[in-house]
Amino acid sequence: MDSRRNTFELVSLAFLAVSVWASPSVAQDRPTVTVVATGGTIAMKVDPKTGAPVPALSGEDLTAAVPKLKEIANVRVVEFSNIPSDYMGPDRWPNLTKKVEEVLADPSVAGAVISHGTDTLDQTAYFLDLTLKSDKPVVAVGAQRNASDWDTDGPRNLLNAVRQILTEDSKGKGVTVTLNSYINAARDVRKTHTSNVQTFTSGDAGYLGYVDEDKAVFYRANLRRQNVPLPERLPRVDLIPMYAGADGSYVRHAADTGAEAIVVEAYGWGNVNEAMHDAIKYAIDKGVPVIVATKVSNGRALPVYGFKGGGNTLQKAGAVFAGDLSGDKARILTMLALPTTKDQKRLQEYFDK
């Protein structure tokens, strides 16, 4: 009896030793993905006192809520901020670029997930896409439903982001916005619905791909990417909309109070009224570049019409045309290009790439 017991104990100890030795090896075999947490609805819960969602969860909380992540990757978390994405902007973007670049410089890291609010997610993703040098995959995700909702979309979006990073051909695609399984290039993506989980689309360009249960499937390549050096200081660039009856006073005020460039969201192909035309010419004559974008979701801003305020007359006055970039993204590209040049033709080259 004693010999059987001794044999059993020896076998048990041997099994335990093998298990202890093998577990780290299994963990080491998994690729490493870093989640850079910035806040947003994905990290919010309903405050019992106010009955409204507020920042509540850390990046560690977010990943802990998705047990499946541990089965496919070693997940590291970097707590960058915990703010509504409405607070995200030029004061934080450069440091976020530097932090993500630092994360990706680690040879053991396969890619990075940026958890972020959806209101400015497309802008942050585009800024990162322009300024990051690494070709490792960077996937920006968020949620339309806060973490208190029983059907919150945050956990699935996080899992899909990691699946996308682990897909064999995920490198070199640039920064993407991946929600509700659809993969969007940062340059093309726009938020199109205030609350629906299927909010991000890519207009005429179309989706880059789709994340399925096992991996990401890419439909096309992202052909319109460029890398712009991160300047020491981001210049002030104002964004001003054209509207019926606009008198141009906002454009003049921006030019007179220190704006280093102005983006005008115009109608159609890039058209404004006479008062706005005169204000745009006033700004350009003062040495303040003006970039003309379109309010329309699809199509390009082009210098077509010849009436006063039409795109052709604005170009002759010295304006630059943003092509298919939204006003928000035209502003971002202008902030990054302006420290290099204020010349109309050279600025236009940035938008034509």
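The next thing to look at is the overall build of the protein chain. In terms of regular secondary structure, the protein chain is built from eleven helices and 16 strands. Principal-axis analysis of the C-alpha atoms places the extent of the protein chain at approximately 105 × 45 × 35 Å. When the 353 residues of the protein chain are sorted by exposure, 48% land in the buried category. Expressed as a percentage of contacts within the protein chain between residues at least 6 apart in sequence, the contacts between residues at least 24 apart total 72%. Put simply, the protein chain shows about 16,700 Å² of open surface, and 53% of that area lies on carbon and sulfur atoms. Of the side-chain charges in the protein chain, 40 are positive and 41 negative, and the distance between the mean point of each set is 3 Å.

This part covers the packing of helix α4 (residues 93-104) against helix α5 (residues 121-131). Put simply, α4 and α5 touch, their axes get as near as 10 Å, and they point 60 degrees apart. The angle between the axes of α4 and α5 places the two elements in the oblique class. Taken as a pair, α4 and α5 cross one another with a handedness that is right-handed. Contacts from W93, P94, L96, T97 and E101 of α4 reach α5 at Q123, T124, F127, L128 and T131. Looking at the contact of α4 with α5 residue by residue, the class counts come to five nonpolar, four polar and one charged.

Read from one edge of the open sheet, eight strands run β4-β1-β5-β6-β7-β8-β11-β12, paired in mixed fashion. Every other strand in the sheet has two partners, leaving β4 (74-83) and β12 (216-218) as the edge strands with one partner each. Taken pair by pair, the neighbouring strands of this sheet meet at an average axis angle of 25 degrees, ignoring direction. With respect to the sheet, α4 is in contact with β1 (32-39), β4, β5 (109-115) and β6 (138-141), its orientation differing from that of β5 by roughly 150 degrees. Of the strands in this sheet, β5, β6 and β7 (175-179) are in contact with α5, which crosses β7 at around 155 degrees.

A few words on the packing of aromatic side chains. Scanning the entire structure with this criterion turns up five aromatic pairs. Relative to F127, the ring of W93 has its centre 5.3 Å away and its plane inclined at 25 degrees; by these criteria the two rings are stacked. Here the residue W93 occupies a position in helix α4, and F127 occupies one in helix α5, the gap between them amounting to 34 residues. The pair W93 / F127 is uniform in exposure class, with both members buried. Three or more aromatic residues joined by ring pairs form one cluster here, namely Y182, Y207 and Y210. Directly above the ring of Y126 sits K329, whose terminal nitrogen or CZ lies 5.9 Å from the centroid. Lying across the ring of Y350, K353 places its NZ or CZ 5.5 Å from the centre.

Attention shifts here to unusual backbone geometry. For N180, which is not glycine, the phi dihedral falls at a positive 55 degrees. Inspection of the secondary structure assignment puts N180 in the loop between β7 and β8 (182-185). Backbone geometry at S181 places phi at a positive 80 degrees, although glycine is not the residue there. Among the structural elements, S181 can be located in the loop between β7 and β8.

Ordered in space as β13-β14-β15-β16, the four strands form an open sheet in which the pairing is parallel. The open sheet has two edge strands, β13 (237-241) and β16 (320-321), and neither has a second partner. Bridge count for β13 against strand β14 (residues 261-266) is five bridges, and the pairing is parallel. Bridged to I240 within β14 is V264.

With that settled, consider the packing of helix α10 (residues 327-337) against helix α11 (residues 344-352). Taken N-terminus to C-terminus, the directions of α10 and α11 make an angle of 130 degrees; their axes are 11 Å apart at the nearest point. Looking at the two axes, α10 sits oblique to α11. Between α10 and α11 lies a crossing whose hand is right-handed. Along its contact with α10, which presents A330, L333, T334 and A337, the element α11 presents L347, Y350 and F351. Along the lines of polarity and charge, the residues of the contact of α10 with α11 split into six nonpolar, one polar and no charged.

Conventions and cut-offs
Residues numbered from 1 in each chain as written. Predicted model: local features only at pLDDT ≥ 70, side-chain atom pairs only at ≥ 80, totals over all residues. Heavy atoms only, no water. Helix = DSSP H or I, 4+ residues; strand = E, 2+ residues; numbered from the N terminus. Buried < 20%, exposed > 50% of the residue type's maximum accessible area, 1.4 Å probe, protein only. Contact = heavy atoms within 4.5 Å. Areas by Shrake-Rupley, 256 points an atom, 1.4 Å probe, with all protein chains shown as cover. Lys, Arg positive; Asp, Glu negative; His and termini not counted. Charge placed at Lys NZ, Arg CZ, Asp CG, Glu CD. Axes fitted to C-alpha atoms, helices over the stretch in contact; angles between N-to-C directions. Parallel < 35°, antiparallel > 145°, perpendicular 65-115°, else oblique. Left-handed = near helix turned anticlockwise from the far one by under 90°. Nonpolar A, V, L, I, M, F, W, Y, C, P; charged D, E, K, R; others polar. Pairing = 2+ DSSP bridges. Phe/Tyr/Trp six-rings, centres within 6.5 Å; stacked < 30°, edge-to-face > 60°. Lys NZ or Arg CZ within 6 Å of the ring centre and 35° of its normal.

That's the geometry; what it means functionally is another story.
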